[in-house]
Amino acid sequence: MSSAQRSRAAVSGCRPDLPRVSVLVGDATVSLTVTGNMDGRAAAMFRGELLELCEICVGELTVDLSACTEISTAVLAALELAQQTGRRGRCRLTVIARHPEITLPLNRAGVSCNI
């Protein structure tokens, strides 16, 4: 099966500083890439996308926050819920983050992440 990609922008435009959530679907893997500042409307969109993917994903679900500049408590709560849902279901959640502004809140919330 070939890979399919669909992207949804939280705010229209191509500027890298604007929040964006992209989904890439492949064989037994799903990647959710987040860029920009994830708060407000963008955080709500991220939560909906993430929880939907947790329900339908069989295999690995990777959330890449490497290009994310800020995350809200709503994003943290969604990741916590996705991690719990993944443990009970068929979905293995992996979170990738590299900036301390992102990794510290993740660690405080109990969300394990790869750097």
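Criteria and cut-off values
Throughout this description, residue numbers start from 1 for each chain and increase along the sequence as written. Where totals are concerned, whole chains, interfaces and linings use all residues; where local detail is concerned, this predicted model gives features only for residues with pLDDT of at least 70, and gives and counts side-chain atom pairs only at 80 or more. Hydrogens and waters are ignored; side-chain quantities use all the structure's heavy atoms. Here a strand is any run of E in DSSP of at least two residues, a helix any run of H or I of at least four, and the numbering for each starts at the N terminus. The definition used for a disulfide is geometric: two cysteine sulfur atoms within 2.5 Å. The classification of residues rests on relative accessible area computed with a 1.4 Å probe and restricted to protein chains. Under 20% of the type maximum is buried, over 50% is exposed, and intermediate values are partly exposed. By the convention used here, residues are in contact when the closest approach between their heavy atoms is within 4.5 Å. For this document, the term salt bridge refers to a Lys or Arg side-chain nitrogen within 4 Å of an Asp or Glu carboxyl oxygen. A pair of strands is considered paired only if DSSP assigns at least 2 bridges between the two. Look down the strands so they point away from you; if going from the first strand over the helix to the second traces a clockwise path, that crossover is right-handed. What makes a nonpolar core is a set of buried Ala, Val, Leu, Ile, Met, Phe, Trp, Tyr and Cys residues whose side-chain atoms join them at distances within 4.5 Å. Between the first and last residue of a helix there are one fewer steps than residues, each counted as 1.5 Å, and that sum is the expected span.

### A short note on the environment of D39
So, point 1. As for its placement among the helices and strands, D39 is situated in the loop between β3 (29-38) and α1 (40-56).
So, point 2. With 32 residues separating them in the primary sequence, D39 and I71 have C-alpha atoms 6.2 Å apart.

### Description of the state of the cysteines
So, point 1. Within this structure, the stated rule accounts for 0 disulfides.
So, point 2. Among the cysteines around C57, which has no disulfide bond, C91 carries the closest sulfur, lying 4.0 Å off.
So, point 3. For C57, a relative accessible area of 5% corresponds to the buried category.

### Let's talk about the side chain of T103
So, point 1. Structurally, T103 is set in helix α3 (residues 100-108).
So, point 2. Not counting the four nearest positions on each side in its chain, T103 is found in contact with A97, R98, C113 and I115.

### Observations concerning the pattern of salt bridges
So, point 1. Summed over the entire model, instances satisfying the criterion amount to 1 salt bridge.
So, point 2. Here E60 ties to R92 by a salt bridge, and the two come within 3.4 Å at their closest N and O atoms. One end of the pair, E60, is in strand β4 (residues 59-71); the other, R92, is in strand β5 (residues 91-96), and 32 residues separate them in sequence.

### Comments concerning the pairing of β4
So, point 1. Of the pairings in the sheet, the one linking β3 to β4 comprises 9 bridges and is parallel in character. Residue pairing in the sheet places G36 in a bridge with C68 of β4.
So, point 2. The β-α-β motif built from β3, the intervening α1 and the parallel element β4 has right-handed crossover chirality.
So, point 3. Handedness of the crossover joining β4 and β5 through helix α2 (residues 73-88): right-handed.

### Here's the deal with the nonpolar core
So, point 1. Formed by 31 residues in total, the largest nonpolar core has its most connected members in F46, L50, L65, L79 and L106.
So, point 2. Of all the elements in the fold, those that place two or more residues in this core are β2 (20-26), β3, α1, β4, α2, β5 and α3.
So, point 3. With 6 residues, α1 is the largest single contributor of residues to this core.
So, point 4. Apart from the residues within four sequence positions on either side, L79 is in contact with F46, L50, V63, L65, L93, V95, L106 and V111.

### So, the side chain of Q83
So, point 1. By secondary structure assignment, the location of Q83 is in helix α2.
So, point 2. Contact partners of Q83, with chain neighbours within four places excluded, come to L93, G110, V111 and S112.

### Details of α1
So, point 1. Helix length check: α1 (17 residues) gives 25 Å between terminal C-alpha atoms against 24 Å at 1.5 Å per residue, within 8%.
So, point 2. Within α1, the full set of buried residues consists of A42, A43, F46, E49, L50, L51, L53 and C54.

### Examining α2
So, point 1. Between its terminal C-alpha atoms α2 stretches 23 Å, which fits the 22 Å expected from 16 residues at 1.5 Å a residue.
So, point 2. By the burial criterion, the buried members of α2 are V75, L76, A78, L79, A82, Q83, T85 and G86.
So, point 3. In this structure, the buried residues of α2 make contact with β3, α1, β4, β5 and α3.

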